[in-house]
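# Coordinate analysis (summary)
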Amino acid sequence: MRHFLKLAGALVTATLFATTPITAQTTVYSAGDTTSGTYMDYMKTVYARAGNPEIIQLPLTSFDNDYVLNPMAAESWAQSEDGLTWTFKLRPGLVWSDGEPLRASDYIFALQRAATTGYDFAWYWGYAGGIENWDAVTKGEKDVSTLGIKAVDDLTIEVKTAAPKPYLPSVVSLWYPVPKHVWDKLGDEYAANVETLVSSGPFIVESWEKSNNKMVLVKNPKYTGPWAPQVDRLEIDPTLGAPEVGLPAFMAGEADFSYLNAGQIPFVEQRFPGQIAKNAVFATSYISFGLDMPPFDNINVRKAFQAAINRDEMTATVLKDLAIPGKSLLPPGYPGYNDVITSQAVFDPEKAKKFMAEAGYPDGKGFPEVEIWYRDQGGYNGAISGPMLQYLQAQFKDILGITMNIKILPQKDWMAGMMEKKNNLFLAPYEYDYLDPSNFYGIFFNGGRHNHHLQAYDDLVAKADSAPKWEDREKLYEQAEQVLIDNASFVPLVHPITNAVVSTELKGDGTKPNKLGFSPLRQLALYFYTHVSK
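Residues numbered from 1 in each chain as written. Predicted model: local features only at pLDDT ≥ 70, side-chain atom pairs only at ≥ 80, totals over all residues. Heavy atoms only, no water.

Next up on the list: the overall build of the protein chain. Secondary structure assignment for the protein chain yields 18 helices and 18 strands. A compact globule built from 534 residues should have a C-alpha radius of gyration of about 24 Å, and the protein chain, at 25 Å, falls within 12% of that. Every one of the 534 residues in the protein chain was classed for burial, and the buried ones make up 55%. A separation of at least 24 residues holds for 69% of the contacts in the protein chain among residues at least 6 apart in sequence. Carbon and sulfur atoms form 53% of the exposed surface of the protein chain, whose accessible area is close to 22300 Å². Taken together, the 47 basic and 62 acidic charged side chains of the protein chain have centroids lying 1 Å from each other. (Helix = DSSP H or I, 4+ residues; strand = E, 2+ residues; numbered from the N terminus. Rg over C-alpha atoms; globule rule 2.2 N^0.38 Å. Buried < 20%, exposed > 50% of the residue type's maximum accessible area, 1.4 Å probe, protein only. Contact = heavy atoms within 4.5 Å. Areas by Shrake-Rupley, 256 points an atom, 1.4 Å probe, with all protein chains shown as cover. Lys, Arg positive; Asp, Glu negative; His and termini not counted. Charge placed at Lys NZ, Arg CZ, Asp CG, Glu CD.)

Structure, rendered in C-alpha cells:
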C-alpha cells in the first residue's frame, strides 16, 4: 500500500507539473536499536541514547567494512617520540548543519562535559583513552581544565595520555563533537528536539516520533566530509528490531532488511535464496571460575573443563547458525587473533577425565554439585545462552561425571555476583568496545571484572598496551593469553553470529561481505548507512 500511494502521488505530481523534471528520492527502510532514550547525543549517554547519533555526528576516525581505520573529521594524526602526546589535524571546511564552522573546541567541549556530568561511558576514556587526569577529574579531585586535551587552534586537537597509547586513533572513533554554540543556549536539550539538533555528519534528522524513537533522516546538505550518503533518506524504526516483527515487515516491503532468529532461517533460505547476510560479532562467550573458591581453586578441575567441551559439535547442532567455535578470548578477524592460541583449544574427553582424576575426583566421584550463573538478556546472547548451557550441562555429566545446575539472574545481580565473588562459576559474554586487543585483555587485567590477579599476565598486558610497535604488542598479547590458558583462568566457548535477510534492491559496499566473508551491516552504522544505494 505504501508503494502504491507513493506511485499515485508521483503520477499526480507529474500531471500537475508536467514541465518540471522529477527526481525520485531513494529511501532505505531500516530497523533501529531501541524505542527508549531521550537524547540523541552519544557524548551525553551511550547506553540510553536515542536513535543513532553516530550517523548524524562526525567522529575523528571510523572503521569500514573490513575494520580498517579511516580518517573522518581528523585528516591526519601523529604521536610524539615519548608516546604521550597525540596531535589530530581536522579537515578544513567542515561545518555544522546550521552553517557554523566545526571546530576543535567542539570536540574538546564534548569530553570536558562528559568528564564532569556522570557520563555512562566515562570508563572508556580513562582505560582505553588513558587521558591524562581523566579519573581525577571524573572523581572531582581535579578541575576539568587539567584534562589532557586541548584545542591548539580551530583545526588542531592535542591529547596527552598518562601512558603511551599506540592505539588511540582507534579509540577516538567514538569521539564525537557537541555543538557548543548551540549547547551554550539550550544545554543538553538541544539533542532532544529536531529543530535544534544540528548535525556535523552525513545525515540530519527530519522527523522524530518520541513515542517509539522512529526517525526519518535525510542527507545533510552542508556535509563535505568523507563517506557522503548514496541515498536521500533513511527511515529507522526501532519497533522492527525484533526478528518476529522485522521479518513480516521485510516480506511486506516495509523494511529493506531484517535480522533473523534461528527458527526463521530455514524458511528464509528457501524463500529468499542467497539473501542472508551473516556477521561474526566481535564478541566472546566464555566460562569464568572463582580461582580461589573450591572446587575451582584446583587447577586440574579447571583444566578438565577446558578439555571437556566439543565446540564444533555444539555450534553445528544446538547453536547452528547462531555461533561459531570460540577458541580464544579474541574473535576471528579481530586484531591479534592467531592460530598459536586457537590450536590449543582441543576437545579431548580422555584428557578431561585424567585431569578430574588427578584433582581427586575420578569419574566425578566426590565432586560437589556446582551452579553456573548467567544473565538474563535479549539479542544474540539471549538466543545462545540457554541452549549452550543445556548442552554443556549434559556434556559435563557424560564426560566428567558431575552435576552442573543453571541459574539465570538479572544483569545487575549477575555482575554483582561476579565482582563480589558470590559464586564460583559463571557464563560470561563480552562484546568489544573498541578495536584493539587491549579491549578484550582488559577483562582480566589487574583483577578486571572477575577479580583475577595474575602478576605475569598483568605485566605482559601493561607492556603490550604501551609498546609502540604492533609486532611487539601482538607477541606480548599472545604471551598474556598463554598465561591465562596455562592457568586455566577461563574457557572460551563461542563467538556469536547474526543473520539478516537483505533486499535485492539494496546495493553498495555496505551490503557486501568483507574480506572475512561477513556483513556487519548496521553494526557499523556510519559506514553502512553511507555505503548503501538503492
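More follows now that the structure is in view.
Residue position: Asn381 is located in helix H13 (residues 379-399). As for Asn381 and Pro429, which are separated by 48 residues in sequence, their C-alpha atoms are 7.3 Å apart. Residues contacting Asn381, with those up to four places away along its chain left out, are Ser285, Arg375 and Pro429.

Counted as a void, the second largest pocket has a volume near 460 Å³. Forming the walls of the second largest pocket are 22 residues, and the residues nearest its centre are Phe63, Tyr67, Pro335, Leu435 and Trp470. A class-by-class count of the residues in the lining of the second largest pocket yields 14 nonpolar, three polar and five charged. (1 Å grid on protein atoms, 1.4 Å probe; cavity = no way out; pocket = protein on both sides within 12 Å on 5 of 7 lines; lining within 4 Å. Points joined across faces, edges and corners; volume = space filled by probe spheres on them. Nonpolar A, V, L, I, M, F, W, Y, C, P; charged D, E, K, R; others polar.)

Attention now moves to unusual backbone geometry. Here the bond from Pro294 into Pro295 is cis, since omega is 0 degrees, no more than 30 degrees from zero. Residue position: Pro295 is located in the loop between strand E13 (283-289) and helix H9 (299-307). One non-glycine residue, Tyr67, lies in the positive phi region at around 60 degrees. Mapped onto the fold, Tyr67 is located in the loop between strand E2 (61-63) and strand E3 (69-71). With a relative accessible area of 11%, Tyr67 lands in the buried category. Non-glycine residue Asn451 carries a positive phi angle of around 60 degrees. As for its position among the elements, Asn451 is in the loop between helix H15 (437-441) and helix H16 (455-466). Assessed through its relative accessible area of 30%, Asn451 is described here as partly exposed.

With 111 residues, the main nonpolar core has Leu60, Trp125, Ile157 and Trp175 as its most contacted residues. Tallying contributions element by element places helix H2 (residues 104-116) first for this core, with eight residues. Residues within four places of Trp125 in sequence aside, it is in contact with Leu111, Tyr119, Gly130, Ile131, Trp134, Val171, Val172, Leu174 and Trp175. (Core = buried A, V, L, I, M, F, W, Y, C linked by side-chain atoms within 4.5 Å.)

Moving on to the sheet that holds strand E1 (residues 27-31). One open sheet accounts for four strands, arranged E1-E10-E9-E8; its pairing is mixed. With partners counted over all chains shown, the strands left at the sheet margins are E1 and strand E8 (203-209), one partner each. Mean inter-strand twist for the sheet, computed between neighbouring axes without regard to direction, equals 20 degrees. (Pairing = 2+ DSSP bridges. Axes fitted to C-alpha atoms, helices over the stretch in contact; angles between N-to-C directions.)

Moving on: helix H14 (residues 411-419). Among all positions of H14, only Trp414, Gly417 and Met418 are buried. What you see down the axis of H14 is that its buried residues fit within an arc of 95 degrees, all on one side. Buried residues along H14 sit in contact with strand E15 (370-375), strand E16 (404-409) and strand E17 (425-431). Lys421 occupies a position one or two residues after H14 and carries a positive phi of about 55 degrees. (Arc of directions from axis to C-beta.)

Attention now moves to the confidence of the model for the protein chain. Considering every residue of the protein chain, the mean pLDDT works out to 92; 96% of them sit at 70 or more. Below pLDDT 50 for its whole length, residues 1-22 participates in eight contacts with residues either more than four positions away or in separate chains. (pLDDT = per-residue confidence, 0-100.)

Moving on to the pairing of strand E6 (residues 149-153). Inspection of the sheet shows E6 paired to strand E7 (residues 156-160) by four bridges, in the antiparallel sense. If you follow Asp153 over to E7, its bridge partner there is Thr156. Hairpin connection between E6 and E7: a loop of two residues separates the two successive antiparallel strands.

Spanning 13 residues, H2 covers 19 Å between terminal C-alpha atoms, matching the ideal 18 Å at 1.5 Å per step. Here H2 lies mainly inside the structure; ten of its 13 residues are buried. Three or more residues of H2 are buried, namely Ala104, Asp106, Tyr107, Ile108, Phe109, Ala110, Leu111, Arg113, Ala114 and Ala115. Tucked into the core, H2 has its buried residues touching strand E5 (85-90), helix H3 (122-127), helix H4 (134-138), E6, E7 and helix H6 (180-186). (Expected span 1.5 Å × (residues − 1).)

This part takes up the side chain of Asn499. In this structure, Asn499 sits in strand E18 (residues 490-502). A polar contact of 2.6 Å, which involves the side chain of Asn499, links it to the backbone oxygen of Asp321. (Polar contact = N/O pair within 3.5 Å; in protein donor to acceptor, adjacent residues only side chain to side chain.)

Quick look at the packing of H9 against helix H12 (residues 349-358) now. In contact at an axis separation of 8 Å, H9 and H12 are set at 165 degrees when each is read in the N-to-C sense. Between H9 and H12, the angle is such that the two are roughly antiparallel. For the element pair H9 and H12, the recorded crossing hand is left-handed. Mapping the contact onto sequence places Asn300, Lys303, Ala304 and Ala307 in H9 and Pro349, Lys351, Ala352, Phe355, Met356 and Glu358 in H12. Of the residues belonging to the contact of H9 with H12, the class tally is six nonpolar, one polar and three charged. (Parallel < 35°, antiparallel > 145°, perpendicular 65-115°, else oblique. Left-handed = near helix turned anticlockwise from the far one by under 90°.)

Running from N to C, H16 and helix H17 (residues 470-486) cross one another at 165 degrees; their axes reach a closest spacing of 8 Å. As the angle between them shows, H16 and H17 are arranged roughly antiparallel. As H16 runs across H17, the sense of the crossing is left-handed. Contacts between H16 and H17 involve Ala456, Tyr457, Leu460, Val461, Lys463, Ala464 and Asp465 from the first element and Arg473, Leu476, Tyr477, Gln479, Ala480, Val483 and Leu484 from the second. Here the contact of H16 with H17 is built from residues that sort into ten nonpolar, one polar and three charged.

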